Amino acid sequence: MNRMTQLLGSSAFAALVLAVPANADVTPRQVWDDLESYLRGFGYAVSGTEAESGDALTITDFAIRMDMPEEDGTASFAADEIVLTDRGDGSVSIAFPATMPIKMTVTPEGEDAEPVDMTVDYTQTGLEMIVSGTPEEMVYDYTADSLGLELMELVVDGEPVGRDMARFDVAMSDVEGASTVATGEMRDIAQELNMSQLSYDIAFKSPEGAQSGQVSGRMEQLTFEGSTTLPLEMESENPAKLFENGLGGEGVFTHSGGSMAFAVTEAEKTTTGETSTGSAEIGVTLSGDSTTYDVRSTDVALNMATPDLPFPVSAQMAESAFNMTLPLAAAEEPQDMALGLTLGGFTMSDMLWNIFDPNNALPREPATIAVDLEGTVTPFVNLFDPEAVAMLEQTGGVPGELNTLTLNDLTVDAVGSKLTGSGDFTFDNSDLETFDGMPAPAGTITLNLDGGNALLDRLIEMGLLAQQDAMGARMMMSMFSVPGNGEDSLKSTIEVKKNGQILANGQRIR
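For clarity, every value in this text was computed on a predicted model and none was experimentally measured.

Some words on the overall build of the chain
Here comes step 1: The helix and strand inventory of the chain stands at seven helices and 27 strands.
Here comes step 2: Overall, the chain is about 90 × 55 × 55 Å in size when its C-alpha atoms are taken along their principal axes.
Here comes step 3: Within the span of the chain, comprising 510 residues, buried residues form 37% of the whole.
Here comes step 4: Counting only carbon and sulfur atoms, one obtains 54% of the accessible surface of the chain, whose full area is about 27,100 Å².
Here comes step 5: In the chain, which carries 23 positive and 82 negative side-chain charges, the distance between the mean positions of the two groups comes to 8 Å.

A few points about the side chain of Asn429
Here comes step 1: Relative to the helices and strands, Asn429 resides in the loop between β22 (417-428) and β23 (440-450).
Here comes step 2: Aside from chain neighbours lying at most four places away, what touches Asn429 is Glu401, Leu402, Asn403 and Pro439.

Considerations on the packing of aromatic side chains
Here comes step 1: For the structure shown, the criterion picks out six aromatic pairs.
Here comes step 2: With a centroid separation of 5.4 Å and an interplanar angle of 75°, the aromatic rings of Tyr38 and Phe42 are classed as edge-to-face.
Here comes step 3: Classification of Tyr38 as buried rests on a relative accessible area of 2%.
Here comes step 4: Since its relative accessible area comes to 1%, Phe42 is described here as buried.
Here comes step 5: Both rings, one in Trp353 and one in Phe356, keep their centres 5.5 Å apart while their planes meet at 45°; by these two values the pair is tilted.

Notes on the environment of Val313
Here comes step 1: Tracing the backbone shows Val313 in strand β18 (residues 313-327).
Here comes step 2: C-alpha of Val313 to C-alpha of Thr270: the two residues are 43 residues apart in sequence and 14 Å apart in space.
Here comes step 3: Those residues in contact with Val313, other than ones at most four positions away along the chain, are Leu302, Asn303, Met304 and Leu352.

Digging into empty space enclosed by the protein
Here comes step 1: Each pocket or cavity is described by its volume, and for the second largest cavity that value is around 30 Å³.
Here comes step 2: Surrounding the second largest cavity, Tyr38, Gly41, Phe42, Arg187, Leu230, Pro231, Leu232 and Met234 form its lining.
Here comes step 3: Contributing elements (two or more residues each) for the lining of the second largest cavity: α2 (28-41) and β12 (211-231).
Here comes step 4: Per-class residue counts for the lining of the second largest cavity are six nonpolar, one polar and one charged.

So, the nonpolar core
Here comes step 1: Judged by nonpolar contacts, the single largest core of 47 residues is most densely connected at Val31, Phe62, Leu84 and Ile94.
Here comes step 2: Not counting the four nearest positions on each side in its chain, Leu84 is found in contact with Pro28, Val31, Trp32, Asp55, Ala56, Leu57, Ile59, Val92, Ser93 and Ile94.
Here comes step 3: One finds Phe425, Ala440, Ile445 and Ala504 within the second-largest nonpolar core, a separate group that totals eleven residues.

Describing a negative patch on the surface
Here comes step 1: On the surface, a cluster of negative charge is contributed by Glu111, Asp112, Glu114, Asp157 and Glu159.
Here comes step 2: Mapped onto the secondary structure, Glu111 falls in the loop between β5 (99-106) and β6 (116-125).
Here comes step 3: For Glu111, a relative accessible area of 83% gives the class exposed.

Re the pairing of strand β4 (residues 92-95)
Here comes step 1: Here β4 shows a clear split, with Val92 and Ile94 buried on one side and none of Ser93 and Ala95 buried on the other.
Here comes step 2: Bridging between strand β3 (residues 73-86) and β4 involves four bridges; their strand directions are antiparallel. Paired with Val83 across the strands is Ala95, a residue of β4.
Here comes step 3: In sequence, β3 turns back onto β4 through a hairpin of five residues, with Gly88 there showing a positive phi of about 80°.

Observations concerning unusual backbone geometry
Here comes step 1: Although it is not a glycine, Asp299 adopts a positive phi angle of roughly 50°.
Here comes step 2: Topologically, Asp299 is positioned in strand β17 (residues 290-305).
Here comes step 3: The phi dihedral of Asn360 falls on the positive side, at around 60°, and the residue is not glycine.
Here comes step 4: Here Asn360 lies in the loop between α4 (350-356) and β20 (367-379).

A word on the pattern of salt bridges
Here comes step 1: Using the criterion set out here, one finds 18 salt bridges in the structure.
Here comes step 2: Among the ionic pairs, Arg87 bridges to Asp89, the shortest N-O distance being 3.4 Å.
Here comes step 3: Looking at Asp89, the relative accessible area reads 49%, which means it is partly exposed.
Here comes step 4: With its nearest N and O atoms 3.2 Å apart, the salt bridge here joins Asp350 to Arg364. With a gap of 14 residues between them, Asp350 in helix α4 and Arg364 in the loop between α4 and β20 connect regions that are remote in the sequence.
Here comes step 5: Look at Asp350 and you get partly exposed, because its relative accessible area is 47%.
Here comes step 6: For Arg364, a relative accessible area of 22% gives the class partly exposed.
Here comes step 7: Salt bridges here are not isolated pairs; linked through shared partners, they connect Arg29, Asp33, Glu50 and Glu52.

Focus: the layout of surface pockets
Here comes step 1: Its boundaries defined by the atoms lining it, the second largest pocket holds a volume of some 290 Å³.
Here comes step 2: What lines the second largest pocket is a set of 17 residues, and nearest its centre among them are Leu154, Val156, Val161, Ala166 and Lys205.
Here comes step 3: For the lining of the second largest pocket, the elements supplying multiple residues, two or more each, are β6, β8 (137-156), β10 (166-183) and β11 (186-205).

Quick word on the side chain of Ser320
Here comes step 1: The topology assignment puts Ser320 in strand β18.
Here comes step 2: Of the polar contacts made by the side chain of Ser320, one reaches the side chain of Ser297; its length is 2.6 Å.
Here comes step 3: If near-sequence neighbours (up to four positions away) are discounted, Ser320 is found in contact with Val295, Arg296, Ser297, Val300, Thr342 and Leu343.

Cut-offs applied
Residues numbered from 1 in each chain as written. Predicted model: local features only at pLDDT ≥ 70, side-chain atom pairs only at ≥ 80, totals over all residues. Heavy atoms only, no water. Helix = DSSP H or I, 4+ residues; strand = E, 2+ residues; numbered from the N terminus. Buried < 20%, exposed > 50% of the residue type's maximum accessible area, 1.4 Å probe, protein only. Areas by Shrake-Rupley, 256 points an atom, 1.4 Å probe, with all protein chains shown as cover. Lys, Arg positive; Asp, Glu negative; His and termini not counted. Charge placed at Lys NZ, Arg CZ, Asp CG, Glu CD. Contact = heavy atoms within 4.5 Å. Phe/Tyr/Trp six-rings, centres within 6.5 Å; stacked < 30°, edge-to-face > 60°. 1 Å grid on protein atoms, 1.4 Å probe; cavity = no way out; pocket = protein on both sides within 12 Å on 5 of 7 lines; lining within 4 Å. Points joined across faces, edges and corners; volume = space filled by probe spheres on them. Nonpolar A, V, L, I, M, F, W, Y, C, P; charged D, E, K, R; others polar. Core = buried A, V, L, I, M, F, W, Y, C linked by side-chain atoms within 4.5 Å. Patch = residues over 30% accessible without salt bridge, like charges linked within 9 Å, V, L, I, M, F, W, Y side chains within 5 Å. Salt bridge = Lys/Arg side-chain N within 4 Å of Asp/Glu carboxyl O. Pairing = 2+ DSSP bridges. Polar contact = N/O pair within 3.5 Å; in protein donor to acceptor, adjacent residues only side chain to side chain.

Here it is as structure tokens:
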């Protein structure tokens, strides 16, 4: 089984262990049978001793185990005792031990390979879980005072590694959530999760002590809402087959603020720093046809000190965003794609400015760079098909072709000047000669520049640009632009014809 399937299985089981009420009946036996079937569907070997007494079903020595890909190790999760109790109202409570070990053994091949044994304790305090609903649609409500992960044991090549050399601690507080698991031809899981804080502390040090790293931080008021559709049998070596069988999901993760501190030492040089974020949102959608990724954050700050620079680095950004939509499956017709990036309200310390602008010649207002693209492409291969991707690499082929491209927005607003633009193009993939191997474009882009000449003057004043170079730049701008709506304003409309002609403001330049 591949690593992706393992991660999906492990994450989904964790969601159940972290796993919304309904007015119907389920029994301890039905809940347990469904959970066991679910885990076996991921390819886990499930073991445990079952005992029924009164209203309770007790599973002792519970364990799930899976072999890693290419027979290079195993992973397991264990609990001394899990108790499922009929609450007398059609619902079932599930009680877990305070500590449940997760063990991993890696035995890679090769002369330099080092076997690794690791144990991470999954801990909980005050975890309460109630299952209700029907056998076909089980609903989980859960709360916990705290949940945690802690690295308890690490053995590398037979040598124990202490916490002074490696540690991994994660703590979650005031956790509550709901999961609905509906089973039919597919298994559909809907989840909601809230927690007041998540903190982490991770560190490592090389045996020789020459290299080390440490990162710690926290996030406040975390939320997650999403849904997943899983085939009943997840055990497959081919991710493309899983998606073909209906695997997919979407989710949105948010937090209201966070911070992180880090330190990295290499060659006796230590770099330290801190980052903070006002809020963040991450959205992901994944199916066999496409994937969408959208991440946004506000009030981002960085402070860093490194021996390679004689001064500290300090910068802030009011907004940052990145989005991407990418088709994944091979198709005969064009598929949607998108790409966007925003770095908004960027500022940095005067100490950094003074390195290249000691006389304060450039305006130091917050800067913004934004690009918003969308279009269509025709993918030739399934990106989840390892054989197709390998063949593409061997033959030097291309994964697809670009059909259309729209520039919804281009903004570069910095140092007293502002460039904006938009445009729309189509591409003729049957014509690779007109533009020397590139699919022939046809379309128009419109650009506006404010403050361009003033910026050139400031660069000359700073000694960063020679007079003759600035003169050449002004001549180029005059060739490809016309006066805009205000003082020191230029605009340009560049049109590319299907016959290969290029026009600038109606004047042919190619």
